[in-house]
Amino acid sequence: MKEANQTFVVPAKNEERPLIKKKATILILSGPQQGKEVIIESTPFSIGSSDSCDLQLKDTAVSRKHCIINSDDHTFSIEDTNSTNGSFLCGLRIMHAYLTPGSELRLGNTRLLFSPSLELADIPLSSNNHFGNAIGASDPMRRIFYLAESYAPTDATIMLTGETGTGKEILAEEIHNHSKRKDKPFVVIDCTSISRDIVESELFGHIKGAFTGATSDRPGAFESADGGTVFLDEIGELPQDLQPKLLRVLEKREIKRVGSNEVRKIDVRIICATNRNIKKEISEGNFREDLYYRLSVVNIELPPLREHKEDIPLLTETFMNRLHNANARDEIQDFDNAMKSLMHYDWPGNIRELRNLIDRAYYHIQKPVDILQCLQYGTLLKQSSNEANNENNAPSNTVDTTKPFKDEKNRLIDDFERQYIKELLARNNGNVSKSAREADIERAYLQRLIKKYGINT
């Protein structure tokens, strides 16, 4: 049996090398410089306590030139330079090892997180026009599929970003389905749909008597997904007081049920998604920076449909085929012209909006389907054009029941907040403090709303 402090040389198998391009980020997780972030622009990249190193660590347990990070066309690697206290990768002392996304290093008393930075132009195109149920033949989508194909077999934590309706949950499930965890649970937690009072219980579980209504022990999402994947949708909505607890799960892979001091080990992969600008949320103090870096070991941004409209015919045929049969294209009147018309619309609801409209067209009693008539396309196009030409239009209180409940609710809330704040500030001549007092809200919260909606004061 090998001793725990024995030094290992960790080889890399070429076929398992991760996709890493040009740049990488080192985040200091703990130690005297906790929170510092350094970008590796070129290699060799030296780390040590000497001021001649590319990254100088103010840690007395770190050697002057402790280790070096190197790279080739595809990978990054770390080499210990005969340091006194050794270099550790994922708990093992190493002399040389390849770095993968999310690799955790320990040098002296300092813990570092390694994360590659992917350059869009450097990402190859997948040879496939689908990744499971995710569909697209355009270059942007085939780049997404290449990333998904590369990282699905790993346990890398993934953050999916992009507008509402771009297919983040579908891609997350397909990443799970293409992973070694595919036969284990895929558990979805929507952070916007859970009451703040019970979100901790939903994530971590609770014991009997932990709170009013807790009549029995109950496992949370992380325990229920043991061996599988937890998908945290709209992670940007996670309450701030729960963010440190989620960070602990990511670092230690253990949880405590609400009301219990018992530590439970878990084995899960975490994928999350958000339509928010998380870096903006970090700058405004709403989201922890260290949690962001833990969640975005791999960051995949899904493009809005307006940026890959050439996929609309393929998506339309796919949706119709799933509803009907392989001859569904023949059920659409003048398919080619219909597609050309659809490609002139900007699809604010993205792929979800297109799918909902195709669903409605399919159930039309008249065949072949005049898809433009069914979708009331002229009205949609006119409305889109008017909105583009007049950004100061008063918000519409009309409810669009063809959109998902959550999306339409969020739109109406945004419209209300924007209009309310504009009129409030106008009435108080732009005085933020006076406006906050009148509205009976915190001044800092009002400032966040002003910034969110780009309102001039």
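Everything quoted here is computed from the prediction, not taken from an experiment.

Asks: Give a description of helix H9 (residues 335–342) that names residues and reports values.
Replies: Three or more residues of H9 are buried, namely Phe335, Ala338, Met339 and Leu342. Around the axis of H9, the buried residues are gathered within 100 degrees of arc, so they sit on the same side.

Asks: Could you give an account of the confidence of the model for the protein, naming the residues involved and the relevant values?
Replies: When pLDDT is averaged across the protein, the result is 82; 86% of the residues are at 70 or more. Overall, residues 1–21 carries pLDDT values under 50, and its contacts beyond four positions in sequence, including any with other chains, amount to 48 contacts. A low-confidence stretch, residues 377–395 stays under pLDDT 50, and its non-local contacts, those more than four residues away or across chains, total 16 contacts.

Asks: Give me the packing of helix H8 (residues 312–323) against H9: which residues, what numbers.
Replies: Put simply, H8 and H9 touch, their axes get as near as 10 Å, and they point 120 degrees apart. The angle between the axes of H8 and H9 places the two elements in the oblique class. You can see that H8 and H9 cross each other, and the crossing is right-handed. Facing Ile312, Pro313, Thr316 and Glu317 of H8, the residues of H9 in contact are Phe335, Met339 and Leu342. Among the residues forming the contact of H8 with H9, the class breakdown is 5 nonpolar, 1 polar and 1 charged.

Asks: Break down the sheet that holds strand S5 (residues 55–56) for me, with residues and values.
Replies: Reading across from one edge, S5-S4-S6-S7-S10 is the order of the 5 strands in this open sheet, with mixed pairing throughout. Strands with a single pairing partner mark the edges of an open sheet, and in this sheet they are S5 and strand S10 (96–99). Pairing of strand S6 (residues 67–71) with strand S7 (residues 76–80) involves 5 bridges; the strand directions are antiparallel. Within the sheet, the bridge partner assigned to Ser71 lies in S7 and is Phe76.

Rules and cut-offs
- Residues numbered from 1 in each chain as written.
- Predicted model: local features only at pLDDT ≥ 70, side-chain atom pairs only at ≥ 80, totals over all residues.
- Heavy atoms only, no water.
- Buried < 20%, exposed > 50% of the residue type's maximum accessible area, 1.4 Å probe, protein only.
- Helix = DSSP H or I, 4+ residues; strand = E, 2+ residues; numbered from the N terminus.
- Arc of directions from axis to C-beta.
- pLDDT = per-residue confidence, 0-100.
- Contact = heavy atoms within 4.5 Å.
- Axes fitted to C-alpha atoms, helices over the stretch in contact; angles between N-to-C directions.
- Parallel < 35°, antiparallel > 145°, perpendicular 65-115°, else oblique.
- Left-handed = near helix turned anticlockwise from the far one by under 90°.
- Nonpolar A, V, L, I, M, F, W, Y, C, P; charged D, E, K, R; others polar.
- Pairing = 2+ DSSP bridges.

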